[in-house]
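# Residue-level structure breakdown
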Protein chains: 2
Amino acid sequence: VEADFVAWLQDQFRPTSLAPLGLMDDAAWIRDPRNASLIITTDMLCEGVHFEVDKTSWERIGRKSLAVNLSDLAAMAAEPQAAFLSLTWPHHYAEHDARRLVQGLLDLAREYNVILAGGDTNRWSGGVVINVTIFGHCSDRGPLTRTGAQVGDMILVTGPLGGSLLGHQFDFTPRVALASYLQREYELHAGMDISDGLSVDLDRLTRASRVGGCLQLDFIPITEAAQEMSRQTGHSALHHALSDGEDFELLLTAPPTEVDRMLGDDQVCQHVFPIGTIISGDGLWFATASGTRERLAIQGYLH
Amino acid sequence: VEADFVAWLQDQFRPTSLAPLGLMDDAAWIRDPRNASLIITTDMLCEGVHFEVDKTSWERIGRKSLAVNLSDLAAMAAEPQAAFLSLTWPHHYAEHDARRLVQGLLDLAREYNVILAGGDTNRWSGGVVINVTIFGHCSDRGPLTRTGAQVGDMILVTGPLGGSLLGHQFDFTPRVALASYLQREYELHAGMDISDGLSVDLDRLTRASRVGGCLQLDFIPITEAAQEMSRQTGHSALHHALSDGEDFELLLTAPPTEVDRMLGDDQVCQHVFPIGTIISGDGLWFATASGTRERLAIQGYLH
């Protein structure tokens, strides 16, 4: 959908009767005495846009429909509790395959101790549409947001990036436990998950926080899949790490002293990759070998 | 989707980590200390199934996508708080029309003091798909459910039925305030909204409560639209009142003394139509002129 419409729609996501409302893109934190810690997130996946049924098993498609929502909760350091599934299933596909899809969702739900609490089903002559809404709870600190990055913070990612198209987009691990642990044990300033590519999402985070970011490109962890993509496309593996979408790793900022502590913490050190720093001003930059900064081209998957 | 799949899916709607879970079809009540009164409901509407874009304005389609969820909350005597919208919009439709759809939703949200808290948008080459998830709160009594009907209860509906296809399916009033008022001021035993037709939905309610129901067919309030449908189809207007879907009136059961009080209450008497009684045994029946009971044919819209 065009950026204009999305911007307009986001302008509608305003409290009319309740305040304050913490808004985080496709998730919301409704602060209300009756549900002080409630976080809700929703994502719709469509055949031909988010998955191709001839390239991916039904179980993996179902898994992904929950996993993207779990990743949204992880990005807020929230713990998932229950999910709702709306499924519109084509007349031309077997009911048996719908069960396989739901089974893939249920298997992941069990791993994350999430219940499937309800749903809605329809049948039509169009493609498969899956909407999952999930709710969970943030800690007493409130949710991690993309607005809290501070000048001097280090920028972290929780795993290697790039080439998700080759399979990771279905098999990724939503970083729920890691995010909860980090928020409990460390001072995190900002967070989001990388769904549209590192450069696009870091640009969003720094804009939301009214700061800039400077990357140490050599420090960006790169997947084997990004290397493989590089061989296929002729772009560098770094390019794929910066611009491929659907990594579903977390992008975090925290003070350097906290990052030092994380790197000495056996529980998490293998998931802590410092890749740059938050700077004053705006925009994304990268550090050159000669010690100067250059503007980073922002490329990625824009819905 | 076939009944088999739906039954299987509903079997999955079980608590795996939390108990007890009150389950009401496409809505759930998650009893947890952190959100004691939380009720969540979700509904997906698809082009060509739930609406035809050449027959209905975008505003009315958007209105309906929220209204069906409000009706689900009303069926539980819950008060809505916030909604999430997932919208997948065809490449071949103008963005302008997506705004009109959302505006229709927002206008109804304002009337019901509901905020649009977040959402997700996609674009594809298929038809329009709208998923709305809404959450709200039940009273300290807990939600009204379809399991509580007791032998001797009167069966009520909150308005005339039938012929919704002629327009009411888009323009209906979700009975949120009425349901809250009735649950606060009266002893209600069971409730649901009529989405698939009176006979189908009353059959569900009585099955869920392990009782039977006997209707006084003469007492069933019938819309002008059902009369109009009758002229078009040759079926009786009563047939349409019994079997047309999407009335979105409430179907309630309450003790006769309570119903008497309601009928003397100026606030609600115009919305209280006693149409029968809950009986022991099972199945749906109707009272004949000679004072006997006959089995009622159950006809309606089965998804």
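The present account deals with the structure reproduced in this document. Not measured: the values here are computed from a predicted model.

Criteria and cut-off values
- Residues numbered from 1 in each chain as written.
- Chains lettered and ligands numbered in written order.
- Predicted model: local features only at pLDDT ≥ 70, side-chain atom pairs only at ≥ 80, totals over all residues.
- Heavy atoms only, no water.
- Salt bridge = Lys/Arg side-chain N within 4 Å of Asp/Glu carboxyl O.
- Helix = DSSP H or I, 4+ residues; strand = E, 2+ residues; numbered from the N terminus.
- Buried < 20%, exposed > 50% of the residue type's maximum accessible area, 1.4 Å probe, protein only.
- Pairing = 2+ DSSP bridges.
- Axes fitted to C-alpha atoms, helices over the stretch in contact; angles between N-to-C directions.
- Contact = heavy atoms within 4.5 Å.
- Right-handed = clockwise from strand over helix to strand, strands pointing away.
- Parallel < 35°, antiparallel > 145°, perpendicular 65-115°, else oblique.
- Left-handed = near helix turned anticlockwise from the far one by under 90°.
- Nonpolar A, V, L, I, M, F, W, Y, C, P; charged D, E, K, R; others polar.
- Core = buried A, V, L, I, M, F, W, Y, C linked by side-chain atoms within 4.5 Å.

### Remarks on the pattern of salt bridges
All names here are of chain A. Per the counting criterion, the structure on display carries 28 salt bridges over all chains. Here arginine 261 makes a salt bridge to glutamate 258, at a shortest N to O gap of 3.0 Å. One end of the pair is arginine 261 and the other is glutamate 258, both in helix H9 (residues 256–263) and three residues apart, which spans about a single turn. The buried category is assigned to glutamate 258, whose relative accessible area is 11%. Counted as one network, the salt bridges with shared partners bring together Glu59, Asp97 and Arg100.

### What about the sheet that holds strand S12 (residues 283–287) of chain A?
All names here are of chain A. Spatial strand order, S8-S10-S7-S11-S9-S12-S13: seven strands in an open sheet with mixed pairing. Pairing within the sheet leaves two strands with one partner each, and these edge strands are strand S8 (190–193) and strand S13 (293–295). Strand-to-strand twist of the sheet, defined as the mean angle between neighbouring strand axes without regard to direction, takes the value 30°. Here strand S7 (residues 154–157) pairs with strand S11 (residues 273–279) via four bridges, running antiparallel. Pairing of leucine 156 across the sheet is with proline 274, part of S11. Along the sheet face, helix H2 (residues 58–75) touches S8 and strand S10 (250–254) and points at about 175° away from the line of S8.

### Here's the deal with the pairing of strand S5 (residues 115–124) of chain A
Of all the 10 residues making up S5(A), 10 are buried; the element is thus mostly covered by neighbouring parts of the structure. Since strand S4 (residues 79–90) of chain A and S5(A) lie parallel, the crossover through helix H3 (residues 95–111) of chain A that links them has a hand, and here it is right-handed.

### Details of the packing of helix H2 (residues 58–75) of chain B against helix H3 (residues 95–111) of chain B
Residue and element names in this part refer to chain B. Orientation of H2 relative to H3, taken along the N-to-C sense of each, is 40°, at an axis distance of 6 Å. Taken as axis vectors, H2 and H3 run oblique relative to one another. Both H2 and H3 take part in a crossing whose hand is right-handed. Side by side, H2 and H3 meet where Trp58, Glu59, Ile61, Gly62, Arg63, Ser65, Leu66, Ala67 and Leu70 of the first sit next to Asp97, Arg100, Leu101, Gly104, Leu105, Leu108 and Ala109 of the second. Class assignment of the residues belonging to the contact of H2 with H3 gives a composition of nine nonpolar, three polar and four charged.

### Focus: the nonpolar core
Judged by nonpolar contacts, the single largest core of 55 residues is most densely connected at B:Leu66, B:Leu87, B:Val128, B:Ile130, B:Leu182 and B:Met262. A total of nine residues in this core trace back to one element, the largest contributor, which is H2(B). Formed by 54 residues, the second largest nonpolar core is a distinct cluster that contains A:Ala74, A:Ala75, A:Ala78 and A:Val114.

Functional significance is not addressed by these values, which are geometric in nature.
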